[in-house]
Amino acid sequence: MVKEGIKIFSRIKPTKKECGSFEIGENSEGIATLTVHVPRSEASGHVNNKLETYTFQFTNVFDQTATQEQVFDLVAKGVIDNCLEGYNGTIFAYGQTGSGKTFTITGGTQKYSDRGIIPRTLSYLFSQYQKRSGLVFTTLVSYLEIYNDSGYDLLDPRHEASKLEDLPKVHLMEDSTGNIHLKNLSMHQATNEEEALNWLFLGDTNRMIAETPMNMASTRSHCIFTIHFSAREPGSDIIKRSKLHLVDLAGSERVGKSNVSGTLLAEAKYINLSLHYLEQVIVALSEKSRVHIPYRNSMMTSVLRDSLGGNCMTSMIATCAVERRNVDETISTCRFSQRVALVKNEAIVNEELDPKLMVAKLKLQVQELKEELSMATGEERTDELTEEEKKSCDESVNAYVADTDPESRLQIGADMRKIQLCFRLMKSFIHQQSSNETSSEGRAASSGNSSEGLRAEKPSYADNKQLQQLQELLKQRDDEINILVKMLKHEKSRAAAAEASIHGASTSSDSHERTTSSSQHKADTTSSRHYSNPLQDDSSSSDQLPGQPRSHGASYTKELSNAKQEAFDIFRRDYQHNSAIEGHKNTLRARYGDAKGVGEQVNSSRTRINDLKTQIEQHRLKRGIQSWSHKILRLLHDLCCI
C-alpha cells in the first residue's frame, strides 16, 4: 500500500502582452511557488485591508513558455508507470473557462508537437508494451461525457445520427463492495496506438462545444477518457488490473462577467454546480474529523470516487489565465489546488487470480492425483478418456514428433489408456506421411520433365545448387530453339518471295519461243518448288540435309534435251538472287546442325534431372525411416523404464 497526497501542478496560459500580475519562484525549502499580485486600484473604499499578494505552493509551476512534452514528462509519466505496475491513476485539469484545460489534456490541432496528455499517454503506453515483452497486456478504452449532470457514451456509433436526448444515458450502479459500475458505457479494445487514437478522435468529434464570450470553443461538459489495463506473465494465473482516468473538466465561469443566456446559461449552471460539489468532496476529504463524504451529490464525484481519497494515484494540473480581468478566478483556482493537496490517497496493487487459469490448474492437479492413486493401488483404469485428455495426448504427440532434440521425452504418465492412444496416434501419423510421400511421387512422375514439377519439388541443400544450374541451362536452350524456329520461318517467307519473282521473270519471255518458254516455265516451277523448302537442294544428294527427301529437280532436268538443259543452267546462273539463296541454304544447314546439338544437350539435361530427383526421393525416404525408427525405439525404452 502506498499512501501519498495528490500532486498539484500549475500552468500559466500565454498572453499576448507581458503581464506583471504573477511571479514564479521557490521558497526556502525548494518548493515551487506561484505569487499572484492584486492591483491596489481595484480595491474599493478608503480603508483597504485586503491582501495584495497571494503565494501558493505547487509540485511544479509551468511558465508561459512550457511545452506540451515538458508538461507530459512531469505530470503524467510517473502516474502511467505506476499504472503499468498495477496501481490506479487519475490526471485531471481544473481552471476557469478559456484557461487551457482542453489544450493541456487533449492538445491542439495546429502542430504535431501540440499533442496533449491523452495522445502522448497512448504513444508512451504502447512503447512500454514493446519494452516489457515478458508480459501480455490487454488495453480497453472508454469515453464518458457528463453533460448537464447526465452521462453519455461518446464512443456510441449512434451519437452522430441521433439527437443527444434520444441517446441512452449512462447510469451509475454500485455493487455490494461499494465499487461503481457504469451501465451503457461501452469499452473498446485497442491493440495498437493507431486504434486507440481513432477512438479518441471519434469521441472528441462528439463532444459538446459552444462559443461563449470567454472562449471561442468552450467545452460545455466534463469528459473522462479511461484506459483499462490488464497484464500478466505467460502461464501465470495472477493478473494485474488497473485503470487510468484522464479528466478534462469544464471550465467554471462567472455568469455576471460572461453575460450568457438561454442554453449557455443552463449549461453554465450545471457546470458550476458540479464543480461546487467537487469542491465539497475535496473540503470533506481534507478535514480529518469528517466521516461522511458527499460523493453522491453529482455524477462526476461518484465516478471519481477512487481518484479522490481512494485507491488511486492522482495528479492535478491547475490552468491559470493571469490577465488582470481574471485575477480573482486565478486566485480561486489556486485556493482549490491547495485544498486538493491535502487529500491523501491509499493506493494498492490490483492483483487477482484469473478464474480460467485457476480452473485449468486445478484440473491438472486432480489428474496428477488420479495418476498417483492409480500407481499406488496398482489398478488399471477402464473408463474412457475424456475429450480434454485425448486433446492433451494429441498435442503431446505432435510436440514430441516436431521436436528435433533426440533426448526429448514424451511425458504422458503411467496411464496405459494414454500410452495406447499415443501409439495409435503415432501409427496414424506415420501412415499419413507415407501416403503423402507416395502421392507426391505420383505427381512428380506424371509431371515428367515440366518445369512446374521441378519447381514443386524441394531438393536437399546439397543438390539444390546443381539442380538450379540445370534448370537455368534448360531454359537457355529452350530460348535458343525458339529463336532458331523464328529464323527458319523468316527464311521460308523470303524463299516464297523469290519464287514469286522467278515466276514473273518466266512469264515475261519472248512470245515467239512459246515452246522454249513453256519448258523454261516448267523448269522455273521446279526450281521454285526447290527454293520454297530451305532444307532441300536439287543439285546433288550431298547438299541435302540428313533426313530430308531427295529433290526431283535433278531427275527432271536429266530428261530435258541438251538445249533446254543448257538454257536452264544459264538462267539459274544469271539469276540475280541466286547467290543469296545459296548463302541462305548454307546458313540453314549450319543452324540445323547447331539446333540438333542443342536438342541432344537438353535431352541429356532432362535425363540428369530425373536421376537427381529419384536419388533425392530415395534419400529423403531413407532419412524419414531412420528418424521414425530412432523415435519409436526411444519411446519403447521410456515405456520400459516406466
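Residues numbered from 1 in each chain as written. Predicted model: local features only at pLDDT ≥ 70, side-chain atom pairs only at ≥ 80, totals over all residues. Heavy atoms only, no water.

## A look at the overall build of the chain
- Within the chain, the regular secondary structure consists of 17 helices and 19 strands.
- Sequence-distant contacts in the chain: of pairs separated by 6 or more residues, those separated by 24 or more amount to 70%.
- Accessible area for the chain stands at about 37,200 Å²; split by element, carbon and sulfur atoms hold 51% of it. (Helix = DSSP H or I, 4+ residues; strand = E, 2+ residues; numbered from the N terminus. Contact = heavy atoms within 4.5 Å. Areas by Shrake-Rupley, 256 points an atom, 1.4 Å probe, with all protein chains shown as cover.)

## Focus on the sheet that holds strand E5 (residues 53-58)
- In spatial order, the strands read E3-E4-E5; together these 3 strands make up an open sheet with antiparallel pairing. Single-partner strands in this sheet number two, and they are strand E3 (22-26) and E5. Adjacent strand axes in the sheet meet at a mean angle of 25 degrees, parallel and antiparallel pairs treated alike.
- For strand E4 (residues 32-37) and E5, the ladder comprises 6 bridges, and the chain directions are antiparallel. Bridge pairing links Thr33 to Gln57 in E5.
- Helix H8 (residues 327-340) rests against E4 and E5 of the sheet, and its axis sits at about 40 degrees to E5. (Pairing = 2+ DSSP bridges. Axes fitted to C-alpha atoms, helices over the stretch in contact; angles between N-to-C directions.)

## Here we look at the confidence of the model for the chain
- When pLDDT is averaged along the chain, the result is 78; 81% of the residues meet or exceed 70.
- Contacts for the low-pLDDT stretch residues 449-458, under 50 throughout, to residues beyond four places or in other chains number 12 contacts. (pLDDT = per-residue confidence, 0-100.)

## So, the packing of helix H3 (residues 117-131) against helix H4 (residues 193-205)
- At their nearest, the axes of H3 and H4 sit 9 Å apart, and the two run at 160 degrees to each other. Of the possible angle classes, the one that applies to H3 and H4 is roughly antiparallel. The interaxial crossing formed by H3 with H4 has right-handed handedness. Note on element contacts: H4 touches H3 through Glu193, Ala196, Leu197 and Leu200, opposite Ile118, Pro119, Leu122, Ser123 and Phe126.
- Its residues assigned to classes, the contact of H3 with H4 comprises 7 nonpolar, 1 polar and 1 charged. (Parallel < 35°, antiparallel > 145°, perpendicular 65-115°, else oblique. Left-handed = near helix turned anticlockwise from the far one by under 90°. Nonpolar A, V, L, I, M, F, W, Y, C, P; charged D, E, K, R; others polar.)

## Structural notes on the environment of Val359
- Its location among the elements puts Val359 in helix H9 (residues 355-377).
- For Val359 and Asp237, which are 122 residues apart along the polypeptide, the C-alpha to C-alpha distance reads 9.7 Å.

## Things to note about the nonpolar core
- Counting 45 residues, the largest nonpolar core has Leu34, Leu144, Leu249, Leu308, Met316 and Val340 as the members making the most contacts within it.
- The leading source of residues in this core is helix H6 (residues 263-286), at 6 residues.
- Once residues within four sequence positions are removed from consideration, Leu144 is found in contact with Gly151, Tyr152, Val170, Leu182, Leu185, His222, Cys223, Ile224, Met299 and Val303.
- Among the nonpolar cores identified, the runner-up in size contains 38 residues, and Ala66, Val71, Val75 and Cys223 belong to it. (Core = buried A, V, L, I, M, F, W, Y, C linked by side-chain atoms within 4.5 Å. Buried < 20%, exposed > 50% of the residue type's maximum accessible area, 1.4 Å probe, protein only.)

## Some points on the environment of Leu353
- Counting through the fold element by element, Leu353 comes out in strand E19 (residues 351-353).
- Through-space distance from the C-alpha of Leu353 to that of Ile238 is 4.7 Å; in sequence the pair is 115 residues apart.

## Here's the deal with the packing of H6 against H8
- Relative orientation of the contacting elements H6 and H8 amounts to 40 degrees, with a least axis distance of 9 Å. By the angle between their axes, H6 is oblique relative to H8. Across the interface between the two elements, Leu278, Glu279, Ile282, Val283 and Ser286 from H6 touch Phe336, Arg339 and Val340 from H8.
- A breakdown of the residues in the contact of H6 with H8 according to their chemical character gives 5 nonpolar, 1 polar and 2 charged.

## Some remarks on the pattern of salt bridges
- With the rule as written, the count across this model stands at 12 salt bridges.
- For Arg132, the salt bridge is made with Glu85, and the minimal N-O distance between the two is 3.1 Å. With Arg132 in the loop between H3 and strand E8 (136-147) and Glu85 in the loop between helix H1 (68-84) and strand E7 (89-95), the pair connects residues that are 47 residues apart, well separated along the chain.
- In this structure, the salt-bridge partner of Asp306 is Lys243, at a minimum N-O distance of 3.8 Å. (Salt bridge = Lys/Arg side-chain N within 4 Å of Asp/Glu carboxyl O.)

## Observations concerning H1
- Given a rise of 1.5 Å per residue, 17 residues ought to cover 24 Å, and the 22 Å separating the end C-alpha atoms of H1 matches this to within 8%.
- Of all bends in H1, the biggest is about 45 degrees, found at Ala76.
- Burial in H1 covers these residues: Gln68, Val71, Phe72, Val75, Ala76, Val79, Ile80, Cys83 and Leu84.
- Positioned one or two residues after H1, Gly86 has a phi angle of 110 degrees, which is positive. (Expected span 1.5 Å × (residues − 1). Bend = angle between axes of the 7 residues up to and from the residue.)

## Focus on a nonpolar patch on the surface
- A cluster of nonpolar side chains, contributed by Ile632, Leu633 and Leu636, occupies part of the molecular surface with about 250 Å² of accessible area.
- Within the element layout of this structure, Ile632 appears in helix H17 (residues 578-641).
- Of the residues examined, Ile632 reaches a relative accessible area of 32% and is grouped as partly exposed. (Patch = residues over 30% accessible without salt bridge, like charges linked within 9 Å, V, L, I, M, F, W, Y side chains within 5 Å.)

## Regarding the side chain of Thr106
- Here Thr106 lies in the loop between helix H2 (101-105) and H3.
- Classification of Thr106 as buried rests on a relative accessible area of 14%.
- Not counting chain neighbours up to four residues away, the residues in contact with Thr106 comprise Arg115, Gly116, Ile118, Pro119, Asp204 and Arg207.

## A closer look at the environment of Thr102
- Tracing the backbone shows Thr102 in helix H2.
- Residues Thr102 and Thr319 lie 217 residues apart in sequence; the distance between their C-alpha atoms is 9.9 Å.
- If we ignore the near neighbours within four places in the chain, the residues touching Thr102 are Gly107, Arg207, Thr219 and Asp248.

## Side note on the packing of aromatic side chains
- Tallied over the entire structure, the rule returns 6 aromatic pairs.
- A ring pair is formed by Tyr94 and Phe336, whose centres lie 4.0 Å apart and whose planes are at 20 degrees; its orientation type is stacked. Placement of Tyr94 in strand E7 and of Phe336 in helix H8 is noted, with a sequence separation of 242 residues between them. For the pair formed by Tyr94 and Phe336, the shared burial category is buried.
- Seen from their ring centres, Tyr129 and Phe137 are 4.4 Å apart, and the 20 degrees between their planes marks the pair as stacked. Pair check on accessibility: Tyr129 and Phe137 agree, each one buried.
- An aromatic cluster of three or more residues is present, and its members are Phe126, Tyr129 and Phe137. (Phe/Tyr/Trp six-rings, centres within 6.5 Å; stacked < 30°, edge-to-face > 60°.)

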